[in-house]
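# Coordinate analysis (summary)
Here is how the chains run, residue by residue.
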Amino acid sequence: MDTKQLDNRYVLPTYARNDVEFVKGENATLWDKENKRYIDFTSGIAVVSVGHGNKRLADALCNQAKNIIHISNLYYIAPQAKAAQKVVETSGFDMQCFFGNSGAEANEGAIKIARKYGEVDGEVKRYKIITLKHSFHGRTITTVKATGQEKMHNYFGPFPDGFVYAESIDEIESLIDDHTVGVMIELVQGEGGVEPLEKEKVQRLAKVLKEKDVLLIVDEVQTGVYRTGAFLASNLYEIEPDIITLAKGVGGGVPVGIVMTSKKEVFSPGDHGSTFGGNYLSSTAVCEVVDILNEAKRSGELDETIAYFDAKLNSLYEKFTNFFEKKVGIGMMAGLRCKDAQTLQTIVQNAKEEGVMVLKAGRDTLRLLPPLTISKKEIDEGFDALDRAIGRI
Ligand SMILES: *Cc1c(COP(=O)(O)O)cnc(C)c1O
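Computed from a predicted model, the values in this text were never measured in an experiment. The numbers attached to residues start from 1 for each chain and follow its sequence in the written order. Local features in a predicted model are, by the rule used here, given only for residues with pLDDT of at least 70; side-chain atom pairs are given and counted only at 80 or more, and totals for whole chains, interfaces and linings are based on all residues. Heavy atoms throughout the structure, all of them, feed into the side-chain values; hydrogens and water do not.

## Examining the domain arrangement of the chain
Where interface size is given, it is often the accessible area lost as the parts come together that is meant. The condition that has to hold: What counts as a domain boundary in this text is fixed by an automatic or database domain assignment. Buried area is understood as the total, over both parts, of accessible area removed when two parts are fitted together, assessed with a 1.4 Å probe. Within this document, salt bridges are pairs made up of a side-chain nitrogen of Lys or Arg and a carboxyl oxygen of Asp or Glu, the two lying within 4 Å of each other. A 3.5 Å cut-off defines polar contacts: any pair of N or O atoms within that distance qualifies, except that in protein one atom must be a possible hydrogen donor and the other a possible acceptor, and neighbouring residues in sequence count only when both atoms are side-chain atoms.
Each assigned domain of the chain is listed with its residue range as follows: domain 1 (3-53 + 300-391) and domain 2 (68-298). Put simply, the middle of domain 1 and the middle of domain 2, counted by C-alpha atoms, are 26 Å apart. Between domain 1 and domain 2, a total of about 2200 Å² is buried, with carbon and sulfur atoms accounting for 62% of that surface. Three residues, Leu302, Ile330 and Met333, lead the burial of domain 1 against domain 2; their summed loss comes to 28% of the area buried on that side. Taken together, the links from domain 1 to domain 2 amount to four salt bridges. Taking the shortest distance from any N to any O, the salt bridge between Glu195 and Lys326 comes out at 3.5 Å. Linking domain 1 with domain 2 are 17 residue pairs in polar contact (both at pLDDT 80 or more).

Take a look at the structure:
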């Protein structure tokens, strides 16, 4: 049986798969089984931040794998402690980290910290968490419920109580009551349509929450680790959240989820844990990815890449304004809002045929999330293919 047949026979059908099988990758370029070349404007949904086949990351992982891959959080783990130091120091926040394995798990950790923070004398006094209607926070039972999109709550109940949905950031303050302990937001909604929140509104919200002692939880699972050009979108928005979650890009493809918080006193031994979280292998990935991207940021290379990509996206937008409402996103979390869902569907299909991989977000947004190390040549090639894909409509 070939891969497709094996998958159909043995893997649960939770994904509507594209009929492509990639066999080789090099930075932002992929080759499929038939040796067709593609430019990757998706990076595995903002995961492969340092590109495919990154030699530095691969060498670090190989060296670590030949020694210790995993022991247990019962013992001190040097790469984990170093990864925490790198993430915290780069963020500029006075925080500590907990290591898990996915975005949803990081958000679960954030919710647990907030809920425990809301306890008084062992009793939960404040437990409600406000999230946004168009948010996405994960696929576990709790994070599905934390996700504001109604269509995510179709099955799987009963869900944990205590999630309240705001129509927009403007509505959050009016929803706060005596039981509210936290507000969880994405600064640029990923799945919700690559829509950045307004900086002034976020700063005002942060101030209100501080006054009310309601925790600000920023889900940076997609925006984190230089996706927007700053290490964290929170840095770009010049806010100081109480809790931040990271995942996707932080391991460069190795599964890692991190919840970091300035509320260092909330968790005690036994309150939270993970068998795999922060093991030698995944923490080594975090150290290497953060090092690589810190260097790219410091040298100016990352900002140059982002400016180049943005200029190309602008030209494309201006050439095809009849298909698009507006350009959305920040940095390498970019998109074009299409005039209708059918146009988007056609663009995605044509793009695949022309040799560039792109994503959808929400109903009508074309989403582009290239590796942060993408070369100018790859950017040129990707946009040429996208130009042909849209031109064919
Ligand atoms: C992808 C994503 C998640 C879920 O991450 P998983 O690793 O799939 O569990 C949570 N929040 C945001 C903002 C995301 O983009």
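## Section: the nonpolar core
Which entries qualify depends on this criterion: Each nonpolar core is a collection of buried residues, namely Ala, Val, Leu, Ile, Met, Phe, Trp, Tyr and Cys, held together in the definition by side-chain atoms within 4.5 Å. Exposure categories follow from relative accessible area, calculated using a 1.4 Å probe and restricted to protein chains: below 20% of the type maximum is buried, above 50% is exposed, and the middle band is partly exposed. Under the scheme used here, helices are H or I runs from DSSP no shorter than 4 residues and strands are E runs no shorter than 2 residues, and both carry numbers assigned from the N terminus. Residues count as neighbours in contact if any of their non-hydrogen atoms are within 4.5 Å of one another.
Membership of the largest hydrophobic core comes to 61 residues, with the highest contact counts inside it found for Phe41 and Leu386. Top element by residues in this core is helix 10 (residues 280-298). It accounts for eight residues. Counting residues domain by domain, this core receives three or more from each of domain 1 (3-53 + 300-391) and domain 2 (68-298). In this structure, Leu386 is in contact with Phe41, Leu316, Ile347, Ala351, Val356, Val358 and Leu368, ignoring residues within four places of it in sequence. Ranked by size, the runner-up nonpolar core spans 20 residues in total, among them Val202, Ala233, Tyr237 and Ile239.

## Examining the packing of helix 11 (residues 301-319) against helix 13 (residues 376-391)
This is how it is decided: Axis lines are fitted to C-alpha atoms, over the contacting stretch for helices. Their N-to-C directions set the angle, which ranges from 0 to 180 degrees. Here is the rule for angles: anything less than 35 degrees is roughly parallel, anything more than 145 is roughly antiparallel, 65 through 115 is roughly perpendicular, and the remaining ranges are oblique. Crossing handedness: left-handed means the near helix sits turned counterclockwise from the far one by under a right angle, and right-handed means the same turn made clockwise. Polarity classes work like this: nonpolar for Ala, Val, Leu, Ile, Met, Phe, Trp, Tyr, Cys and Pro, charged for Asp, Glu, Lys and Arg, and polar for all others, with Gly in that last group.
At a minimum axis separation of 10 Å, helix 11 and helix 13 run at an interaxial angle of 15°. In terms of axis orientation, helix 11 runs roughly parallel to helix 13. In this structure, helix 11 meets helix 13 at a crossing whose hand is right-handed. Contact with helix 11, carried on its side by Glu304, Thr305, Tyr308, Phe309, Lys312, Leu313, Leu316 and Lys319, involves Lys376, Ile379, Asp380, Phe383, Leu386, Asp387 and Ile390 of helix 13 and no other residues of that element. A class-by-class count of the residues in the contact of helix 11 with helix 13 yields eight nonpolar, one polar and six charged.

## Details of the sheet that holds strand 3 (residues 37-40)
Note the threshold: A pair of strands is labelled paired if DSSP reports no fewer than 2 bridges between them.
Pairing within the open sheet is mixed, and its four strands lie in the order 1-2-3-17. Of all the strands in the sheet, the pair left with one neighbour each is strand 1 (22-26) and strand 17 (356-357). Relative to strand 3, strand 2 (residues 29-32) runs antiparallel, the two sharing three bridges. Of the residues in strand 3, the one forming a bridge with Thr29 is Ile39.

## Digging into helix 3 (residues 55-65)
Our working rule: The arc in question is traced by the directions running from the helix axis to the C-beta atoms.
For helix 3, the complete set of buried residues consists of Leu57, Ala60, Leu61 and Gln64. Buried positions in helix 3, seen along its axis, are confined to an arc of 95° and lie on one side of it. Across helix 3 from its buried face, at more than 90 degrees, point the exposed residues Lys55 and Asn63. Of the surrounding secondary structure, the elements contacted by the buried residues of helix 3 are helix 4 (78-91) and helix 10.

## Considering the pattern of salt bridges
Counted under the stated rule, the structure contains 32 salt bridges. Connected via shared salt-bridge partners are Glu195, Lys326, Arg337, Arg363 and Asp364.

## Regarding the site of the ligand
The criterion, for reference: What makes a residue near a molecule or strand is one non-hydrogen atom of that residue sitting within 4 Å of it.
Around the ligand, the neighbouring residues are Ser102, Gly103, Ala104, Asn107, Phe136, His137, Gly138, Glu186, Asp219, Val221, Gln222 and Lys248. Here an oxygen atom of the ligand and a backbone polar atom of Gly103 are 2.8 Å apart. In the environment of the ligand, an oxygen atom lies 2.8 Å from a nitrogen or oxygen atom belonging to the side chain of Gln222. A total of three residues in the shell around the ligand trace back to one element, the largest contributor, which is helix 5 (residues 103-117). Of the residues that constitute the shell around the ligand, the class distribution is three nonpolar, six polar and three charged.

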